[in-house]
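Close look at the chain arrangement
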Amino acid sequence: MIKKTLKEFSIISQNIFGWRTNKKILVIESDDWGSIRMPSKKAFDNLLTNGIAVDKCPYNSNDSLETSEDLEALFETFSSIKDCKGNSLKLTANTIVANPDFETIKKNKFTEYFFEDFVTTYNRLTGDPSAFDLIRQGISAGIYIPQLHGREHLHVKAWLKALQKGDRETLLAFDQGLWGFPTTRFKGTKMNFSTALHIRNKEEEAFARISIKEAALMFEDIFGFKSESFIAPRYIWNEAVEDELNNCGVKYIQGKIIQQIPQGNELKTKIHFQGSKNKLNQIYLNRNVFFELTQNKKFPWEKDALKRINVAFNWGKPAIISMHRLNFMGGLDQLNRKNNLFALKQLISKVQNIHPDIIFMSTDELGKLINNER
C-alpha cells in the first residue's frame, strides 16, 4: 500500500510544476534508430554458445537494425491512427547517425576509432537499400520525424581500452559485429559501454564535443535539415554537452525529470520541470509516460501508461511517451514487432475514448509550441 501510494505521488509530482497547456498533446519519443545493437540471430547464438548472457538482456534479444519490413509495419500502424485534426500518429525517431567501422578498427589493432554512417550500415548488414527510402517516405508523410540521439550509442574511449587490453567478452562481441552486451566490467559503477556521454575527464569532454558536432553535421547531411532536439544516451550528460548542442543549433533537450550528471564513474542528479530552460535558453522536455513493453513483459504497461497520460492531461501537461526502438523491431522476433504495434494501437484507442480532443505532435513541434506560448 505504501509503495503504491509513493508511486502515485511520484507520477503526480512530475506533472505539478512547469509549463502548462489546455491542449491534450501526445508525443511518442523513440530512441536508438540507426544503431546496430544485435546484428543477427547468428551473432546472438554465437555469443550465447560462448557463455555471454545475451538472452538475459531484452535489447540483445530483440533490438536489431531496422529493416524495410519493420518500417512498413510501423508506418501502416501509425498512418491508421488519426487525432482530432486528422493528423496521423507521429514517431519522434531519435537517431544514432553512425556505428563503429569494425573492420577498419581491427586493421588498426584497436588503436584508433573509425565509424560509418548508419545508411552505410543498412547496406552492409541487411543489404536492404530500400530501408532509407522508406524513411524518406515516412518523413514526407509526417509520420517519422528524425531527431538527434548522438553519433554513436557507445562510450568509445572505454570500449577501445577494453579491446586493447584483450578483454574476452568485449573481443567476442566485437568479432560478431556488436559492442552492447551484459558484462561485469563496470560492476559497482554507473559506467556502461552504452553511456556515450558519461564524461569523466577533459580528454573525454573534448572527444564528446567533437562527436556531437560531427553528429549534427551528419544528421543534416543525411536528412536535409537540422535536428532541433537531442536526447543523450541513457539520459546522461553535463553542461559541456548542452553547450556543444547549443553551438549546433539544438533548442530542445529530451529527457526525464531527473538528469544524470557524470561525476567520475558515478552520477549525480538534477531535476528539470516540464518546459523549464537552462542558461542557454534550451528547453527541457520530460518524458512522463513509459510504454516499454519489451523491457519487461510482466509489467502492466497499458494500465500504467493510461494512468500517467490522464495525470499529465489533468495537470495541463503534454503526455510524452518513451517507447524505444526495440519495441518495434521484428528482425530477431517478428512477434515482438507485431504484438507491440497492436498493443500501441489499443493504448491510443483507449486514450482517444477518454480524450477525443487529443493532438499528436513530434518533439520539435512541442518545443516550438512552448516557445511561442511563453
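Residues numbered from 1 in each chain as written. Predicted model: local features only at pLDDT ≥ 70, side-chain atom pairs only at ≥ 80, totals over all residues. Heavy atoms only, no water.

1. Points about the nonpolar core
Within soluble globular proteins, side chains that are nonpolar tend to cluster in buried spots. One finds Phe78, Phe291, Phe328 and Leu344 to be the most contacted residues of the largest nonpolar core, which totals 67 residues. A total of eight residues in this core trace back to one element, the largest contributor, which is helix α10 (residues 202-223). When residues no more than four places from it in sequence are discounted, the contact partners of Phe291 are Trp301, Glu302, Ala305, Ile321, Ser322, Met323, Asn327, Ala343, Leu344 and Leu347. One finds Met38, Tyr113, Leu163 and Phe181 within the second-largest nonpolar core, a separate group that totals 27 residues. (Core = buried A, V, L, I, M, F, W, Y, C linked by side-chain atoms within 4.5 Å. Buried < 20%, exposed > 50% of the residue type's maximum accessible area, 1.4 Å probe, protein only. Helix = DSSP H or I, 4+ residues; strand = E, 2+ residues; numbered from the N terminus. Contact = heavy atoms within 4.5 Å.)

2. Observations concerning helix α11 (residues 239-247)
The set of residues buried in α11 consists of Ala240, Val241, Glu242, Glu244 and Leu245. At its buried positions, α11 is contacted by α10, β6 (229-231), β7 (252-255), β8 (258-263) and β10 (283-286). The N-cap residue of α11 is Asn238: its side-chain oxygen and the backbone nitrogen of Ala240 are 3.1 Å apart. (Polar contact = N/O pair within 3.5 Å; in protein donor to acceptor, adjacent residues only side chain to side chain.)

3. A few points about the packing of α10 against α11
Where α10 meets α11, the closest approach of the two axes is 9 Å, and the angle between their N-to-C directions is 30°. Our classification of the angle between α10 and α11 gives roughly parallel. Of the two possible hands of crossing, α10 and α11 adopt the one that is right-handed. Contact with α10, carried on its side by Glu205, Arg209, Ile212 and Lys213, involves Ala240, Val241, Asp243, Glu244, Leu245 and Asn247 of α11 and no other residues of that element. Looking at the contact of α10 with α11, its residues break down into four nonpolar, one polar and five charged. (Axes fitted to C-alpha atoms, helices over the stretch in contact; angles between N-to-C directions. Parallel < 35°, antiparallel > 145°, perpendicular 65-115°, else oblique. Left-handed = near helix turned anticlockwise from the far one by under 90°. Nonpolar A, V, L, I, M, F, W, Y, C, P; charged D, E, K, R; others polar.)

4. Some remarks on the side chain of Asp31
For Asp31, the location among the structural elements is in strand β1 (residues 25-33). Apart from residues no more than four positions distant in its own chain, Asp31 is found in contact with Asn94, His149, Ile231, Arg287, Met323, His324 and Arg325.

5. Quick word on the pattern of salt bridges
What the rule picks out here adds up to 25 salt bridges. Between Arg200 and Glu204 there is a salt bridge whose closest N-O contact spans 2.7 Å. Classification of Glu204 as buried rests on a relative accessible area of 7%. A salt bridge links Arg209 to Glu205; the shortest N-O distance between them is 3.4 Å. Here Arg209 and its partner Glu205 are both found in helix α10, four residues apart, which amounts to about one turn of the helix. Judged by relative accessible area, Glu205 falls into the buried class, the value being 19%. Each of Lys202, Glu205, Arg209, Asp243 and Glu244 takes part in salt bridges that share partners, so that together they form one network. (Salt bridge = Lys/Arg side-chain N within 4 Å of Asp/Glu carboxyl O.)

6. What about the pairing of β8?
Pairing of β8 with strand β9 (residues 266-271), which is carried by six bridges, proceeds in the antiparallel orientation. For Ile261, the partnering residue across the bridge sits in β9 and is Lys268. Between β8 and β9, which pair antiparallel and follow one another directly, the connecting turn spans two residues, one of which, Gly264, has a positive phi of 65°. (Pairing = 2+ DSSP bridges.)

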